[in-house]
Amino acid sequence: LLSIGLVRMSATGDKPTIPSLVCADGSPSTSLSDEDIRKHLFSFLDLLGPKDDVLLLPPDFTRFHSQAGKITSMIAEYYGHIKNNESSDKALPQLQILPALGTHAPMTQEQIEVMYGKELASLDPSPFLVHDWRKDVETIGYAPNEMVREATRGMVDEPWPAQLNKLVWAKRNKAAGGEDSGKTVVLSIGQVVPHEVMGMANFNKNLFVGVGGLEAINLSHFIGAVYGMENMMGKADNPLRSILNYASEKFLGQLPLHYILTVMGPNAQSGETEMKGLFIGNDIECYTKACDLSLQVNFTILDKAPSKMVVYLDEDEFHSTWLGNKSIYRTRMAIADEGELVVLAPGIRRFGEDDKVDELIRKYGYKGTPETMKAMEADQELKDNLGAVAHLIHGSSEGRFSVTYCPGHLTKEEIEGVGFKYGDVSEMLKKFNVNELKTGWQTDKETGEEFFFIKNPALGLWAEKSRFENQQGEEFKAKKARKE
């Protein structure tokens with residue numbers, strides 16, 4: 001369904017205003033071409049009018065398949081920074097690109113070239129900046145205690161700090177002060193997909209987590225873990241998202257912000273990832289429409305629970321279990337009790353993206369919620385790193401199924417030390433040929449054993465039908481009890 005917003009005239013004159021929803025193009029059968037994407041983007045940028053200060057907030061390499069890199073490059077092209085063959089003395093607008101790293105390691109030059117293109121990556125001076133979640137942030141306000149208390153079921157009774165990268169907040173202050181006459185714009189770019197912490201990824205998460213700060217990210221992850229991953233994933237409306245929406249409404253009103261959101265899914269014939277939807281707007285309607293499509297494209301309900309699931313982690317995209325444990329998050333509602341999850345992870349070389357978090361994972365391991373919460377109560381260092389606590393909870397199967405990790409660069413002792421079984425990645429890649437297998441049910445040619453294969457866990461969410469329905473019922477009961 002294609003829905004392009006019309007330009008509206010202001011009540012005071014002939015200056016056009018931008019509709020809240022500019023583009024909503026997509027369906028489960030849609031395959032948007034580069035020409036389609038460029039057409040939508042350039043029409044939107046035309047509506048914005050001339051700008052002299054452009055800040056882009058795309059994802060990092062861990063969201064390579066989002067096509068946000070391609071979109072970022074097209075925007076740079078529109079503003080004349082690349083592929084500009086016209087000789088002109090006209091000054092180009094300032095272009096800054098701040099990848100929304102969150103807690104992730106900074107992008108390498110090679111990753112920037114692969115994701116955003118060599119021409120954009122080689123600009124001098126470089127438009128690419130690095131977000132430091134521990135140092136580069138400013139607290140701009142707070143969501144009230146009551147919201148946090150409800151979301152954590154009474155475990156935390158303190159306000160949630162809304163934190164933003166200082167550069168982003170400076171753009172808001174510049175616009176709020178009337179210094180730029182509408183010539184500044186901030187474009188948040190990214191993919192909407194089921195997410196283990198936020199329910200559905202992107203929208204204001206790209207700001208408050210992607211370019212947010214230590215305290216906000218830690219508490220956000222902890223809220224998600226305490227509320228329950230199964231209660232969150234695939235749901236755009238949840239207590240944590242309500243907190244972020246509150247912060248957006250209260251504190252971002254004067255930020256000249258627009259969202260460019262993609263929905264990605266497999267091609268029905270080839271299985272290759274393609275763009276199923278593109279949504280552009282400046283409020284939650286843009287996000288909710290993208291969520292509606294994502295659930296149709298990215299959420300797979302299985303009629304039976306697989307006793308074995310095999311998940312492949314691309315070695316260029318997944319270097320840590322902090323990222324690679326999507327293999328656990330996205331399959332935990334599907335796999336059978338006493339089943340086995342095999343994680344093929346040739347690129348995994350560490351546990352945490354951050355040295356401190358890596359140290360905590362090695363120390364405490366993925367041992368389940370009760371043991372992790374007990375350790376947190378006894379260790380101030382864990383209390384000060386609630387995001388790590390949440391990750392340890394999320395990364396555990398809670399003893400319901402086993403996880404066999406097959407890393408390229410971690411030893412058997414290291415893997416078993418955090419609570420996983422170890423598998424030899426070379427042997428497992430011979431057994432499971434990821435270049436031939438497609439996502440779906442497969443049969444082991446040697447043993448005849450049936451298993452379910454997933455080519456990229458970052459692109460979806462899988463659940464067994466009865467478990468999902470039971471979980472929905474339990475969540476409804478819990479909500480009703482909290483209201484009573």
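Below you will find a few notes about this structure.

**A look at the overall build of the protein**
Here comes step 1: Along the backbone of the protein there are 20 helices and 20 strands.
Here comes step 2: Relative to its length of 484 residues, the protein is compact, with a C-alpha radius of gyration of 22 Å against a globular reference of 23 Å.
Here comes step 3: For the protein, the spread of C-alpha atoms along the principal axes amounts to about 70 × 50 × 40 Å.
Here comes step 4: Look at the contacts in the protein between residues 6 or more apart in sequence, and 74% of them connect residues 24 or more apart.

**Topic: the sheet that holds strand β3 (residues 21-26)**
Here comes step 1: With mixed pairing, six strands are arranged side by side in an open sheet as β3-β12-β11-β8-β4-β5. Two strands bound the open sheet, and with one partner strand each, they are β3 and β5 (94-97). On average, each strand axis in the sheet is inclined to that of its neighbour by 20°, with strand direction left out of account.
Here comes step 2: The pairing of strand β8 (residues 184-191) with strand β11 (residues 257-266) spans six bridges and is parallel. From the neighbouring strand, I189 faces β11, where its bridge partner is I260.
Here comes step 3: Along the sheet face, helix α2 (residues 68-78) touches β4 (53-57), β5, β8, β11 and β12 (273-281) and points at about 155° away from the line of β8.

**What to know about the packing of aromatic side chains**
Here comes step 1: Counted according to the given criterion, the structure contains eleven aromatic pairs.
Here comes step 2: With a centroid separation of 5.1 Å and an interplanar angle of 65°, the aromatic rings of F42 and Y78 are classed as edge-to-face. Taken together, the residues F42 in helix α1 (residues 34-48) and Y78 in helix α2 connect sequence positions 36 residues apart.
Here comes step 3: Given the relative accessible area of 27%, Y78 is considered partly exposed.
Here comes step 4: The interplanar angle of 10° and the centroid separation of 5.0 Å between the aromatic rings of F203 and Y287 together place this pair among those described as stacked.

**Let's talk about the environment of P127**
Here comes step 1: With respect to the helices, strands and loops of the structure, P127 is situated in the loop between α4 (118-121) and β6 (137-143).
Here comes step 2: When its relative accessible area of 6% is taken as the criterion, P127 is described as buried.

**Topic: the sheet that holds strand β17 (residues 421-422)**
Here comes step 1: The sheet built from six strands is open, its strands ordered β17-β16-β15-β14-β19-β18 with mixed pairing. Every interior strand has two partners, whereas the edge strands, β17 and β18 (440-443), have only one.
Here comes step 2: Here strand β15 (residues 340-345) runs beside strand β16 (residues 402-407); their pairing, made up of six bridges, is parallel. Among the inter-strand pairings, L341 is bridged to a residue of β16, identified as V403.

**A short note on the pattern of salt bridges**
Here comes step 1: Under the definition given, this model contains 24 salt bridges.
Here comes step 2: Put simply, K308 and E340 hold a salt bridge, and the shortest N to O gap is 3.7 Å. Of this pair, K308 sits in strand β14 (residues 308-312) while E340 sits in strand β15, placing them 32 residues apart in sequence.
Here comes step 3: What makes K308 buried here is its relative accessible area of 10%.
Here comes step 4: Take E340: its relative accessible area is 22%, and that puts it in the partly exposed class.
Here comes step 5: A salt bridge links R350 to D355, with the nearest nitrogen and oxygen atoms 2.9 Å apart.
Here comes step 6: Ionic contacts of the salt-bridge type, sharing partners, join the residues R350, D355, D358, R362 and E414 into one network.

**What to know about the side chain of N456**
Here comes step 1: Relative to the assigned elements, N456 resides in the loop between β19 (450-454) and β20 (461-464).
Here comes step 2: Within the local environment of N456, its side chain forms a polar contact with the backbone nitrogen of A458, the two atoms lying 2.9 Å apart.
Here comes step 3: Excluding residues that lie within four positions of it along the chain, N456 makes contacts with H65, Y312, E317, F318 and W462.

**Thoughts on helix α14 (residues 355-364)**
Residue pairs spaced three or four apart in an α-helix point in one direction, given the helix's 3.6 residues per turn.
Here comes step 1: Taken together, the buried positions of α14 are occupied by V357, D358, L360, I361 and Y364. The buried residues of α14 occupy an angular sector of 165° when projected down its axis, which confines them to one face. In α14, the exposed positions that point more than 90 degrees away from the buried face belong to D355 and K363.
Here comes step 2: Contacts from the buried residues of α14 go to α12 (321-324), α15 (369-378), α16 (380-383) and α17 (386-394).
Here comes step 3: The backbone nitrogen of K356 has a side-chain oxygen 2.9 Å away, supplied by the residue at the start of α14, namely D354.
Here comes step 4: Just beyond α14, the residue with positive phi is G365, at close to 70°.

**Overview of the pairing of β18**
Here comes step 1: Pairing geometry for β18 and β19, over four bridges, is antiparallel. Note on β19: the bridge partner recorded for W441 is F452.
Here comes step 2: Where β18 folds back on β19, the antiparallel hairpin that results is connected by six residues, among which G448 adopts a positive phi of roughly 80°.

Scoring rules and cut-offs
- Residues numbered from 1 in each chain as written.
- Predicted model: local features only at pLDDT ≥ 70, side-chain atom pairs only at ≥ 80, totals over all residues.
- Heavy atoms only, no water.
- Helix = DSSP H or I, 4+ residues; strand = E, 2+ residues; numbered from the N terminus.
- Rg over C-alpha atoms; globule rule 2.2 N^0.38 Å.
- Contact = heavy atoms within 4.5 Å.
- Pairing = 2+ DSSP bridges.
- Axes fitted to C-alpha atoms, helices over the stretch in contact; angles between N-to-C directions.
- Phe/Tyr/Trp six-rings, centres within 6.5 Å; stacked < 30°, edge-to-face > 60°.
- Buried < 20%, exposed > 50% of the residue type's maximum accessible area, 1.4 Å probe, protein only.
- Salt bridge = Lys/Arg side-chain N within 4 Å of Asp/Glu carboxyl O.
- Polar contact = N/O pair within 3.5 Å; in protein donor to acceptor, adjacent residues only side chain to side chain.
- Arc of directions from axis to C-beta.

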